Number of protein chains: 2
Amino acid sequence: METVGRSTDYPYRVEVCFMPGQYPLYAQDMGIVVVIDVLRATSAMVAAFEHGVDRIIPVSTIEEARQYIGRPGYIAAAERNGEVVDGFAFGNSPLAYVGQDLRGHTIVMTTTNGTKAINLAKGARTLVIGSFLNLSALSEWLVKQNDNILLLCSGWKDKFNLEDSVFAGAVMDRLLESGKFGVEEDSSIAAKYMYMAARDNFMSILKAAPRRRRIEQLHLLPDVKYCLTPDQSGVIPVLRDGELVRMA
Amino acid sequence: METVGRSTDYPYRVEVCFMPGQYPLYAQDMGIVVVIDVLRATSAMVAAFEHGVDRIIPVSTIEEARQYIGRPGYIAAAERNGEVVDGFAFGNSPLAYVGQDLRGHTIVMTTTNGTKAINLAKGARTLVIGSFLNLSALSEWLVKQNDNILLLCSGWKDKFNLEDSVFAGAVMDRLLESGKFGVEEDSSIAAKYMYMAARDNFMSILKAAPRRRRIEQLHLLPDVKYCLTPDQSGVIPVLRDGELVRMA
């Protein structure tokens, strides 16, 4: 293992939290929180902004989202266990937003992991949304900030997951290169090594994981390929007053 | 990333849980739990058995351990934040037991992370203790068992740590080679990649981690080198009626 920059030698820290349940242990002194749910909530959010939506309201419960079904100007989206919830036309698939003109629309979205992580971290000074789709745009913006950064993985039902961690490692790799950020936490070092093992082929994350089975059963492969393809968007969603909007 | 064996193709599972707080999410159907606290509780336990102690009673509080100070035949050991607790002659240093004849003695031990993990998992059908010191002996024994195996990392104050995860990856690597075990969890795959990044030089775990600073401040380097040196012991400590004993 090569040495990873130590925080005392650098003005700011960038750290990785592997699952929402650990957030309180990592949140201290973190001005910026990046919420990550690569498969698929945060990928869908970036895709939706890329295709014109004005704002996304993340909600915790299906009931909250259901109130917006059929309301003009609103798209109600709900996912649980990887599937669209009964009665909804949208779940957490980013491809559902591709090829549509969504200008002037608001999405109200609830998902198994991603919107839960957003609600958990909504007290952060700045909360932004990360996915492979906006990897470079997000990393370039983060490098310019003078603040500590927490990369918050949404995980899978409170457990560790590989794709969020690999993505966190990808962001971290870019931030460490800037010479401006160091790390303190073992989880951050581990994320970087996860990224190094996967960076030549992000689809290999799935080959390694038994979840490929689940993805195939749900016919999600095109969705997943889309979610693991970097730099399709320059949009950075940011939380303002409980709603995600495009960063100006 | 190469493919890691999937559980449906194999009779048994081996999984990794990164921190004690996640144990309830991973414990189901796991007949054998291996508690891991490489730096330093489980290393000290193996070292103590290797040097003759009869049994080790893991306790959760300093007060419980304190009752055994000065009692004939007992060694009271207490560690918090990496240091020996005031009033105790022993903490969690394995080197404290090296070169001593401890036959006929019982150790009563409380530590920051390791004994906490043991108490958490004490309801498991079989609970054994793992460390680099008994890596091969433990792995060879595990391969022969017909049961699901959970590798439970003690972490650092409920957070992820690198050395426990690398060790879990080392055990997993051997179990997967047997062709008898598969994995379901992303954490298990991640542990294997951690191990692959570190296996040529376990001391590199520390170079990568900012904790080297803490280790140097506490003058723990000889201790740490000892803890990261594999296969110094053939002992497998096992929990019986709340006490750790040498497996017959």
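All values reported here derive from a predicted model rather than from experimental measurement.

Undergrad: Any chance you could explain helix α5 (residues 135–144) of chain A here in plain terms?
TA: For the α-helix, the turn length of 3.6 residues means that residues three or four positions removed from each other point alike. All names here are of chain A. Those residues of α5 that fall on the buried side of the exposure criterion are Leu135, Leu138, Ser139 and Leu142. Projection of α5 onto a plane perpendicular to its axis shows the buried side chains occupying an angular sector of 95 degrees, all on one side. Those residues of α5 that are buried lie in contact with β7 (126–130), β8 (149–153) and α6 (162–177).

Undergrad: How should I be thinking about the pairing of strand β10 (residues 237–240) of chain A in this particular structure?
TA: A regular strand places its side chains on the two faces of the sheet in alternate fashion. Residues and elements named next belong to chain A. The alternating pattern of β10 places Pro237 and Leu239 on a buried face, while none of Val238 and Arg240, on the opposite face, is buried. Pairing geometry for β10 and strand β11 (residues 243–246), over 4 bridges, is antiparallel. Bridged to Val238 within β11 is Val245. With antiparallel pairing between neighbouring strands as the criterion, β10 and β11 make up a hairpin whose turn holds 2 residues, including Asp241 at a positive phi of roughly 50 degrees.

Undergrad: Quick question: what am I supposed to make of helix α7 (residues 186–198) of chain A here?
TA: All names here are of chain A. Along its 13 residues, α7 runs 19 Å from first to last C-alpha, staying within 8% of the 18 Å computed at 1.5 Å per residue. Here α7 lies mainly inside the structure; 11 of its 13 residues are buried. Regarding α7, the residues found buried are Asp186, Ser187, Ser188, Ile189, Ala190, Ala191, Lys192, Tyr193, Met194, Ala197 and Ala198.

Undergrad: Can you walk me through the pairing of β8(A) in this structure?
TA: Residue and element names in this part refer to chain A. Along β8, 5 of the 5 residues are buried, which leaves the element largely enclosed by surrounding structure. When strand β1 (residues 12–17) meets β8, the two strands line up parallel, connected through 4 bridges. When the bridges of β8 are listed, Val16 appears paired with Leu151.

Undergrad: How should I be thinking about the packing of helix α6 (residues 162–177) of chain B against helix α7 (residues 186–198) of chain B in this particular structure?
TA: Angle between the axes and distance between the axes are the two parameters that describe a pair of packed helices. All names here are of chain B. Their axes nearest at 7 Å, the elements α6 and α7 cross at an angle of 100 degrees. Between α6 and α7, the crossing angle belongs to the class labelled roughly perpendicular. Residue-level inspection shows Leu162, Ser165, Val166, Ala168, Gly169, Ala170, Met172 and Asp173 of α6 in contact with α7, the latter providing Ser188, Ala191, Lys192, Met194, Tyr195 and Ala198. Here the contact of α6 with α7 is built from residues that sort into 9 nonpolar, 3 polar and 2 charged.

Undergrad: It is not clear to me how the confidence of the model for chain A should be interpreted in this structure. Could you clarify?
TA: For any part of a model where pLDDT is low, the fine detail of the predicted coordinates should not be relied upon. Per-chain confidence: chain A averages 92 in pLDDT, with 95% of residues scoring 70 or above. Both scores are given for the predicted complex: the pTM is 0.94, the ipTM 0.92.

Undergrad: How should I be thinking about the environment of Cys153(A) in this particular structure?
TA: Residue and element names in this part refer to chain A. Among the secondary structure elements, Cys153 is positioned in strand β8. Residues Cys153 and Val16 lie 137 residues apart in sequence; the distance between their C-alpha atoms is 7.5 Å. Not counting residues within four places of it along the chain, the set of residues in contact with Cys153 comprises Val16, Cys17, Phe18, Met19, Ile36, Asn161, Asp164, Ser165 and Ala168.

Undergrad: Please clarify how the nonpolar core should be interpreted in this entry.
TA: Note on soluble globular proteins: their nonpolar side chains tend to be buried together. Ranked by size, the top nonpolar core spans 166 residues in total, and within it Leu151(A), Leu152(A), Val171(A), Leu151(B), Leu152(B) and Val171(B) carry the most contacts. Discounting residues that sit within four places of it in the chain, Leu152(A) has contacts with Cys17(A), Tyr23(A), Val33(A), Val34(A), Val35(A), Ile36(A), Ala117(A) and Ala121(A).

Undergrad: Help me understand the environment of Thr110(A) in this model?
TA: Residue and element names in this part refer to chain A. Inspection of the secondary structure assignment puts Thr110 in strand β6 (residues 106–110). On the neighbour-count criterion, Thr110 (28 C-beta atoms within 10 Å) is buried. Spatially, the C-alpha atoms of Thr110 and Gly182 are 34 Å apart, while their sequence positions differ by 72 residues. Among all residues touching Thr110, those that are not within four sequence positions of it are Val59, Ser60, Thr61, Ile62, Glu64, Ala65, Ala78 and Thr115.

Undergrad: I'm lost on the packing of α7(A) against α7(B) in this one. Help?
TA: Following both chains from N to C, one finds α7(A) and α7(B) inclined at 85 degrees, their axes separated by 10 Å at the closest point. Comparing the axis directions of α7(A) and α7(B) gives the class roughly perpendicular. From α7(A), Ala190(A), Tyr193(A), Met194(A) and Ala197(A) reach across to α7(B), where they touch Ala190(B), Tyr193(B), Met194(B) and Ala197(B).

Undergrad: Quick question: what am I supposed to make of unusual backbone geometry here?
TA: Glycine aside, negative phi is the norm for most residues, and most peptide bonds take the trans geometry. Residue and element names in this part refer to chain A. In the segment running from Leu39 into Arg40, the intervening peptide bond is cis, with an omega of 10 degrees. Along the polypeptide, Arg40 turns up in the loop between β2 (32–36) and α2 (41–50). Its identity is not glycine, yet Asp29 carries a phi of approximately 65 degrees, on the positive side. Along the chain, Asp29 falls in the loop between α1 (23–26) and β2. With 11 C-beta atoms packed within 10 Å, Asp29 lands in the exposed category.

About the criteria used
- Residues numbered from 1 in each chain as written.
- Chains lettered and ligands numbered in written order.
- Predicted model: local features only at pLDDT ≥ 70, side-chain atom pairs only at ≥ 80, totals over all residues.
- Buried ≥ 20, exposed ≤ 12 C-beta atoms within 10 Å, placed from the backbone.
- Helix = DSSP H or I, 4+ residues; strand = E, 2+ residues; numbered from the N terminus.
- Arc of directions from axis to C-beta.
- Contact = placed C-beta atoms within 7 Å.
- Pairing = 2+ DSSP bridges.
- Expected span 1.5 Å × (residues − 1).
- Axes fitted to C-alpha atoms, helices over the stretch in contact; angles between N-to-C directions.
- Parallel < 35°, antiparallel > 145°, perpendicular 65-115°, else oblique.
- Nonpolar A, V, L, I, M, F, W, Y, C, P; charged D, E, K, R; others polar.
- pLDDT = per-residue confidence, 0-100.
- Core = buried A, V, L, I, M, F, W, Y, C linked by C-beta atoms within 7 Å.

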